[in-house]
Amino acid sequence: MNRWTSLGLVDTINEEEEEEDYMDHSSSFSSSSSSLSPSTQPRISLSSPSMELESRVNKWSLVHNSKPDVLVHVGGTRFHLHKDPLSRNSGYLKRHLIDVNELTLSPPLNITAETFSLVTAFCYGAHIELTPFNVVSLRVAVELLLMTGGNDVRNNLRNSTESYLRRVVFVNVDYISIVLRSCLALLPESQTTAFLVGRCIEALTEIGDGDCVNEFLEQAVILPAGNFVVVAEAVQQHFPRHDLLYRVVDAYVKEHNGEITEEEKVQICNSIDCEKLSPPLLLHAVQNPKMPLRFIVRAMLQEQNNTRRSIIAAADSVASTGDPPAGHEHRDSTVTLELLLQRDMAARQNYRLRAAMDSTSSRIKSLEKELEEMKKLISKESERIMESKSRSVMDSA
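On a predicted model such as this, the values are computed, not experimentally measured, just so you know.

The rules behind each value
For every chain, the first residue of the written sequence is number 1, and numbering continues from 1 along that sequence. Totals for whole chains, interfaces and linings use all residues, but because this is a predicted model, local features are given only for residues with pLDDT of at least 70 and pairs of side-chain atoms are given and counted only at 80 or more. Side-chain figures throughout are based on the complete set of non-hydrogen atoms in the structure, without hydrogens or water. For every residue, the accessible area (1.4 Å probe, protein chains only) is compared with the maximum for its type, and the residue is labelled buried under 20%, exposed over 50%, or partly exposed between those bounds. Think of it this way: any DSSP run of H or I at least four residues long counts as a helix, any run of E at least two long counts as a strand, and we number them from the N terminus. Criterion used throughout: strands pair if DSSP finds at least two bridges between them. Any cysteine sulfur atom paired with another within 2.5 Å is treated as part of a disulfide. To estimate how far a helix should reach, multiply one less than its number of residues by 1.5 Å.

How would you sum up the pairing of strand 7 (residues 102–105)? Please name residues and give values.
Residues of strand 7 alternate between two faces, with Leu103 and Leu105 buried on one and Glu102 and Thr104 left unburied on the opposite face. For strand 5 (residues 70–74) and strand 7, the ladder comprises 4 bridges, and the chain directions are parallel. Pairing of histidine 73 across the sheet is with threonine 104, part of strand 7.

Pasting the structure below:
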């Protein structure tokens, strides 16, 4: 989609390192989306977060007659800041700066220097301009840094990002697509990201843009297994049918055949509810050799359940066709009795089938476990043999 190409990267600004500089270097993004915010208050644009932060830090130093007393490392950028505004706005920074004056933010805190610059400026009282390009990274940073905002609802970055998502993003297909792309870049470190993926997909289904969902899922086929599981689980919560999800999972498993483990396949397939598959795709799942055995067993069980339900429904339909014609009471009562017996037999068969399937599934799990143990034993034995041969060669030498 061409709508993804409107975000450009500005050249990195390098500054000379001085003792009281608030940062050693910074990089920033530029965007044409600055008009998205309806507020008339001065805000930080994406092109100048470092300048705004520098101004705020210098002003704080003058007003409070206090030099920066904290050094925070984010990626390759060093931020010289004040402990007080950081601790008052971030539970994470407050906890980690109690007895130290230097801190490094590293994974699983998936926060870039650009995002940290915006968040930090907010801690100093700046108003941040939200756009579809930065709202995800800011929302994730808010959660990771525990910036709840306390009782001040107006001065709460979490509330601001949430309101922006609801009012601006989730009513516009292009903006939703931008946010989805941002989410993919941040998977799987943050639960907030997975939650936003689900909300974006839900918004797309409400708008009725099935093409955008299809395109997003097609792009998700290139994700690592852990990330794809997050996306698949988000999708399965918002669709009444799982045909599309099954097709995407099937394509993913085929695309990554030999690259992902059997356990990863099981985790991916767990996102599919076989009861929500159409009969043709359920039959395809039963006969799909690429799928893990556990999933195939689930599909077989569901197919049998569907068959039994169809038989019972047909029997109920015949049994409730109205009053019998005169002279046929005896024959119809016999038919009804036969149908009741058929339903009872079908129910018993269904029970036995479920028990057999449960037993089979349990046996498959047991066999898989035994196979893993055998692999470990074979590996150890191979190592022992190689060691023995190596010693024999050395002794001979």
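Give me the state of the cysteines: which residues, what numbers.
For the coordinates displayed, the defined rule picks out 0 disulfides. Its sulfur unpaired, cysteine 269 is 8.7 Å from the next cysteine sulfur, which belongs to cysteine 274. A relative accessible area of 1% means that cysteine 269 is categorised as buried. Cysteine 274 gets classed as buried once you look at its relative accessible area, which sits at 3%.

I'd like a description of unusual backbone geometry, backed by residues and values.
Trans is the common state for peptide bonds, and a negative phi is the common state for residues other than glycine. Despite not being glycine, asparagine 65 has its phi angle at roughly 50 degrees, a positive value. Counting through the fold element by element, asparagine 65 comes out in the loop between helix 1 (49–64) and strand 5. Here the phi dihedral of leucine 146 falls at roughly 55 degrees; this positive angle occurs in a residue that is not glycine. Inspection of the secondary structure assignment puts leucine 146 in the loop between helix 5 (135–144) and helix 6 (157–169).

Describe in detail helix 10 (residues 225–236), supporting the description with residues and values.
Three or four residues apart is the spacing at which side chains of an α-helix point the same way, because the helix has 3.6 residues per turn. Here helix 10 contains 12 residues, and its C-alpha end-to-end distance of 16 Å stays within 8% of the 16 Å for a straight helix at 1.5 Å per residue. For helix 10, the tally of buried residues reaches 9 of 12 residues, placing the bulk of the element in the interior. Among the residues of helix 10, those classed as buried are Ala225, Asn227, Phe228, Val229, Val230, Val231, Ala232, Ala234 and Val235.

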